[in-house]
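# Report on the structure
The lines below spell out each chain.
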Amino acid sequence: MPQVGPPSASTELSSHDVAQIETDNFERRKATIQKSWRAVQFGLDVKATQIFYDRLFDQYPEVRPMFQNDMKVQYRKLYSAVSLAVKSLDNVDALLPVLKDLGRKHAKYGVLRPHYAAVCDCFLYTMNSYIFSQMPQGCAIQYALEVSDSWEWVLTFIGNIMADAADEIET
């Protein structure tokens, strides 16, 4: 008869098993992020970041004053930064100093920790909108869930690294 309820001590995961699960999850998410970003690159290119900023300013108008420069330049900067971050998932150790530097720079523009959640929200909207527009509805739902999970994970990771670096210069 199958066991019902919490696992017994004999079925608990070892630290090696947990590490393997974490590695597998990272690899799965990385592949999803890289594949979905490649689709955006071919389908939308820099238009993706324009859609992102339109959504950001619509949903979070308080951040609009932070962007005084030509938005076409900003679209390209964000597009390049995301492309670099996606590519750098193959070498996260090299990505960390870049993210910390970006976090310190963004702090000088007035970016606060809660702004990273807004970025995540609007970026997920952009990704999901594109996926739903390109795939048959039945396929899109499952794929969008995987894409949302993966991008939310990486954007939260990036946002935390950047916000932590900004916090270091304030203390």
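We now examine the packing of aromatic side chains. This structure, assessed with the given rule, holds 12 aromatic pairs. Here Trp37 and Tyr79 contribute two aromatic rings whose centre-to-centre distance is 5.6 Å and whose plane-to-plane angle is 45 degrees, an arrangement assigned as tilted. In this pair, Trp37 sits in helix H1 (residues 15-43) while Tyr79 sits in helix H3 (residues 71-87), placing the two residues 42 residues apart along the sequence. The exposure classification of Trp37 matches that of Tyr79, with both residues buried. Over the aromatic face of Tyr125 sits the side chain of Arg55, whose NZ or CZ is 3.8 Å from the ring centroid. Over the ring of Phe57 we find Arg64; its NZ or CZ atom is 4.5 Å from the centre of that ring.

A word on helix H4 (residues 92-108). Compared with an ideal rise of 1.5 Å per residue, which puts 17 residues at 24 Å, H4 spans 25 Å between its outermost C-alpha atoms and is within 8% of the ideal. Every buried residue of H4 is accounted for by Leu95, Leu99, Gly103 and Ala107. Looking down the long axis of H4, one finds its buried residues gathered within 105 degrees of arc, a one-sided arrangement.

All right, on to the state of the cysteines then. In the structure shown here, the tally under the stated rule is 0 disulfides. Here Cys120 is not cross-linked by a disulfide; its sulfur's nearest cysteine counterpart is in Cys122, at 9.4 Å. The class of Cys122 is buried, set by a relative accessible area of 0%.

For the pair helix H2 (residues 47-59) and helix H5 (residues 113-134), the least separation of the axes is 9 Å and the interaxial angle reads 130 degrees. Compared by their axis directions, H2 and H5 come out oblique. Both H2 and H5 take part in a crossing whose hand is right-handed. Within the contact between the two elements, H2 uses Ala48, Ile51, Phe52, Arg55 and Leu56 and H5 uses Ala118, Val119, Cys122, Phe123, Tyr125 and Thr126.

With that settled, the discussion passes to H5. Under the 1.5 Å per step criterion, the end-to-end length of H5 is 33 Å for 22 residues, consistent within 8% with the ideal 32 Å. Residues of H5 that are buried include every one of His115, Tyr116, Ala118, Cys120, Cys122, Phe123, Leu124, Thr126, Met127, Asn128, Tyr130 and Ile131, and no others.

Turning our attention to the confidence of the model for the protein. Keep in mind that low pLDDT regions are not for reading the predicted coordinates in detail. Averaged over every residue, the pLDDT of the protein is 88; residues scoring 70 or more account for 89%. Confidence, read as mean pLDDT per element, is least for H1 in the protein (87) and greatest for H2 (97). Note that pLDDT drops below 50 for residues 1-6; the model gives that stretch 1 contact with residues more than four away or on any other chain.

Within the secondary structure layout, Phe52 lies in helix H2. Separated by 74 residues in sequence, Phe52 and Thr126 place their C-alpha atoms 5.7 Å apart. With sequence-adjacent residues up to four places away left out, Phe52 is seen in contact with Leu78, Val119, Cys122, Phe123 and Thr126.

Residue position: His115 is located in helix H5. Within the local environment of His115, its side chain forms a polar contact with the backbone nitrogen of Leu112, the two atoms lying 2.8 Å apart. Apart from the residues within four sequence positions on either side, His115 is in contact with Val63, Met66 and Gly110.

Basis of the calculations
Residues numbered from 1 in each chain as written. Predicted model: local features only at pLDDT ≥ 70, side-chain atom pairs only at ≥ 80, totals over all residues. Heavy atoms only, no water. Phe/Tyr/Trp six-rings, centres within 6.5 Å; stacked < 30°, edge-to-face > 60°. Helix = DSSP H or I, 4+ residues; strand = E, 2+ residues; numbered from the N terminus. Buried < 20%, exposed > 50% of the residue type's maximum accessible area, 1.4 Å probe, protein only. Lys NZ or Arg CZ within 6 Å of the ring centre and 35° of its normal. Expected span 1.5 Å × (residues − 1). Arc of directions from axis to C-beta. Disulfide = S-S within 2.5 Å. Axes fitted to C-alpha atoms, helices over the stretch in contact; angles between N-to-C directions. Parallel < 35°, antiparallel > 145°, perpendicular 65-115°, else oblique. Left-handed = near helix turned anticlockwise from the far one by under 90°. Contact = heavy atoms within 4.5 Å. pLDDT = per-residue confidence, 0-100. Polar contact = N/O pair within 3.5 Å; in protein donor to acceptor, adjacent residues only side chain to side chain.

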